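Summary of structural features
In case you want the letters, here they are:
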Amino acid sequence: SGRGVPCLRCRGLCTGFEPHSWRKVCRACRCSQEEHGPGSELDDDRKVGRLLAGSRYASLTARPKGGDGARVYKRNRMIVTNPNISGKDPTFDTVTYEWAPPGLTQKLAMQYMELVPPELQPVAGTEGAWHRRRRLARQLPLHDQDPAQCRGLGEGEQPLMEEFVSRYKAEALGVGEVALPGQGGARKEEEKPQDKNTEPSRAPESPNGALEGTTGAGSYRCDSCQQPVPGDCPVVYADRAGYSRQWHPGCFVCCRCSEPLVDLIYFWKGGAAWCGRHYCESLRPRCAGCDEIIFSEDYQQVEGLAWHNKHFACLECETLLLGKPFALANASLLCTTCSQSR
C-alpha cells in the first residue's frame with residue numbers, strides 16, 4: 001500500500017514508498033507512509049471494520065459476500081444533487097461526501113457539514129477528503145489493533161496485545177452520535193447505564209445537557225467551549241460520556257492533539273475523548289523506532305521517548321546503540337559517526 005506514490009514532503013526527491021523492514025517509514029526518504037498519500041479506500045474500510053468488530057458498534061460493520069469473512073466498515077457516503085438553473089437548460093451539480101454521520105436525514109447531515117471548517121469537509125477529490133484519510137491513518141494505526149502488523153512483539157507478548165485491544169474495545173472505544181440538542185440517545189439511554197469512566201468530579205447535569213432552569217433555544221451548551229448551542233444546531237454526543245454532554249461538531253477533538261476525531265471515532269478516558277493513537281500511548285509507551293506499542297517491561301527511555309531494545313538503533317546505519325554513545329535529533333537516534341557526518 002502506497003508503493004509508487006511520490007512523497008508529498010520531499011516534492012519529487014522520493015519516487016515512491018519503499019517500506020523499511022521494521023520502521024513505519026520509507027526506506028528511501030525516511031518519511032512516513034502518510035506523507036506518500038493514503039492507501040486504498042477498501043484497506044481503510046477493512047481497518048475500521050476490524051476495529052469496530054466485536055464492540056458495541058459492530059452494527060456499523062458488515063461481512064461482504066464472497067469475502068474472507070472479515071467485517072468491513074459500512075462507511076456512510078452522502079451524495080447531494082443541487083440543481084443549477086442559471087442557464088436556459090437546468091443542470092445538476094453532484095457533490096459526494098466520502099463520509100457523513102449515519103442515521104440522519106440529508107438536511108440534518110448537511111447542517112452538520114456546514115458546521116465543519118470547509119477545508120475539512122470530506123468532499124471527494126478535495127483536500128478535505130485527503131485530510132480525513134490522513135487522520136484515519138494517523139489516529140487509528142492498524143498496528144495498534146492487529147498483532148500481525150507488528151514487528152516489535154517479543155515471545156509471549158501477542159496475548160498481552162490481544163488482551164489490550166479487547167479491553168479498549170470494551171471499556172473505551174466509541175463512535176459519536178449526531179443529533180439535535182436534547183435528542184441524543186433517546187432510545188439508548190434507557191438501555192445502557194452511563195459509562196463508569198465518566199469524570200467523577202463533574203456536578204450532575206440535567207438530561208441531554210440542558211442548562212439548569214432553562215428550556216428552548218439557547219438552553220444547551222458545548223462541553224468544550226461552554227458556549228450555548230441553539231436548539232436547531234446539530235451536536236455530537238458520546239454515549240460513553242453520558243447524554244448530559246454534547247459538543248459542537250468543530251469542538252469534538254482529541255484532548256491530547258486537538259485534532260478532529262476522524263469519523264467521530266473516539267476513546268473515552270478520564271472524562272475526555274482521545275484519538276486512538278494518543279489513548280493507547282496514555283496506557284503503554286510507544287516505540288519511537290517502529291511506532292508500535294511496547295508490551296515488554298524491558299525497554300529504553302531517553303528524554304521522554306521509548307524504544308524496544310532491538311529498535312534502539314541509528315536511523316542512518318541501523319547500528320544497535322545499546323551501551324554505546326549516541327545523539328538524539330528530532331526524536332531520532334544517531335550513532336556518533338552518522339551524527340558527525342550530518
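Here the structure is a predicted model, which is why all the values come from computation and not from measurement.

Concerning the overall build of the protein chain
Counting its secondary structure elements, the protein chain contains six helices and 15 strands. The 342 residues of the protein chain split such that 45% are buried. If you take every contact in the protein chain between residues at least 6 apart in sequence, the share linking residues at least 24 apart comes to 50%. In the form shown here, the protein chain has an accessible surface area of approximately 17900 Å², with 50% of it arising from carbon and sulfur atoms.

Remarks on the state of the cysteines
Overall, the coordinates contain zero disulfides when judged by the stated rule. Lacking any disulfide linkage, Cys280 is separated from the closest cysteine sulfur, that of Cys275, by 8.9 Å. Of the cysteine sulfurs around Cys335, a residue in no disulfide, the closest is that of Cys338, at 3.5 Å.

A few points about helix α5 (residues 276–283)
All buried positions along α5 are accounted for by Gly276, Arg277, His278, Tyr279 and Cys280. For α5, the elements touching its buried residues are α3 (127–139), α4 (158–171), β10 (265–269) and β11 (272–274).

Some points on α3
Spanning 13 residues, α3 covers 18 Å between terminal C-alpha atoms, matching the ideal 18 Å at 1.5 Å per step. Within the sequence span of α3, burial applies to Gly128, Ala129, Arg132, Arg133, Arg135, Leu136 and Gln139. One face of α3 carries all of its buried residues, which in axial projection span an arc of 155 degrees. Structurally, α3 contributes buried residues whose contacts are with α1 (41–52), β2 (72–73) and α5.

Things to note about the pairing of strand β14 (residues 326–329)
The two faces of the sheet receive side chains in turn, since in a regular strand these alternate between them. Examined bridge by bridge, β14 and strand β15 (residues 332–335) share four bridges and lie antiparallel to one another. By the bridge assignment for β15, Ala329 is matched with Ser332. Where β14 folds back onto β15 in an antiparallel hairpin, the turn is made up of two residues, including Asn330, whose phi is positive at roughly 55 degrees.

Concerning the packing of α1 against α3
Packing of α1 against α3 brings their axes to within 11 Å, and their N-to-C directions diverge by 45 degrees. If you check the angle between α1 and α3, you find them oblique. The hand of the α1/α3 crossing is left-handed. Here Glu41, Asp44, Lys47 and Val48 of α1 come into contact with α3, specifically with Arg133, Leu136 and Ala137. Each residue belonging to the contact of α1 with α3 can be placed in one class, and the counts come to three nonpolar, no polar and four charged.

Here we look at the packing of aromatic side chains
Applying the stated rule across the entire model yields 13 aromatic pairs. Judged by centre distance (6.2 Å) and plane angle (75 degrees), the rings of Trp247 and Trp268 are edge-to-face. Linking Trp247 in the loop between β9 (235–237) and β10 with Trp268 in strand β10, this pair joins segments that are 21 residues apart in sequence. Take Trp247: its relative accessible area is 7%, and that puts it in the buried class. Centre to centre, the rings of Tyr266 and Trp268 are 6.4 Å apart; their planes meet at 85 degrees, and the pair counts as edge-to-face. The buried category is assigned to Trp268, whose relative accessible area is 0%. Counting every residue linked through ring pairs, the aromatic cluster contains Phe164, Tyr168, Phe267, Tyr279 and Phe295. Between the NZ or CZ atom of Lys269 and the centre of the ring of Trp274, over which it lies, the distance is 5.6 Å.

The rules we used
Residue numbers here run from 1 along each chain, matching the order of that chain's written sequence. Reporting of local features is limited, given that this is a predicted model, to residues whose pLDDT is at least 70; pairs of side-chain atoms are given and counted only at 80 or more, and all residues count toward the totals for whole chains, interfaces and linings. Processing note: side-chain calculations cover all non-hydrogen atoms of the structure and skip hydrogens and water entirely. Each helix is a run of H or I in the DSSP string that is no shorter than four residues. Each strand is a run of E no shorter than two, and both are numbered from the N terminus. Exposed residues in this analysis have more than 50% of their type's maximum accessible area, buried residues have under 20%, and partly exposed residues fall in between, with area computed by a 1.4 Å probe over protein chains only. Whether two residues are in contact is decided by their heavy atoms: any pair within 4.5 Å suffices. Each accessible area is a Shrake-Rupley estimate made with a 1.4 Å probe; only the visible protein chains count as cover when residues are assessed. The term disulfide is used for any two cysteine sulfur atoms that are within 2.5 Å. Any helix carries an expected span of 1.5 Å times its number of residues minus one. Here the arc refers to the set of directions running from the helix axis out to each C-beta atom. Two strands pair under a simple rule: DSSP has to find at least two bridges between them. Helix axes are fitted to C-alpha atoms over the stretch in contact, other axes to C-alpha atoms as well, and angles between N-to-C directions run from 0 to 180 degrees. Any angle that falls under 35 degrees is termed roughly parallel, while one over 145 is termed roughly antiparallel, one within 65 to 115 roughly perpendicular, and all others oblique. Crossings are sorted by hand: turned counterclockwise from the far helix by less than a right angle, the near helix makes the crossing left-handed, and turned clockwise it makes it right-handed. Gly is placed with the polar residues, together with every amino acid not listed as nonpolar (Ala, Val, Leu, Ile, Met, Phe, Trp, Tyr, Cys and Pro) or charged (Asp, Glu, Lys and Arg). Between rings of Phe, Tyr and Trp, where Trp is taken as its six-membered ring, a pair exists when centres lie within 6.5 Å; planes separated by under 30 degrees are stacked, by over 60 edge-to-face, and by other angles tilted. Charge-over-ring placement is defined geometrically: NZ (Lys) or CZ (Arg) within 6 Å of the ring centre, and within 35 degrees of the ring normal.

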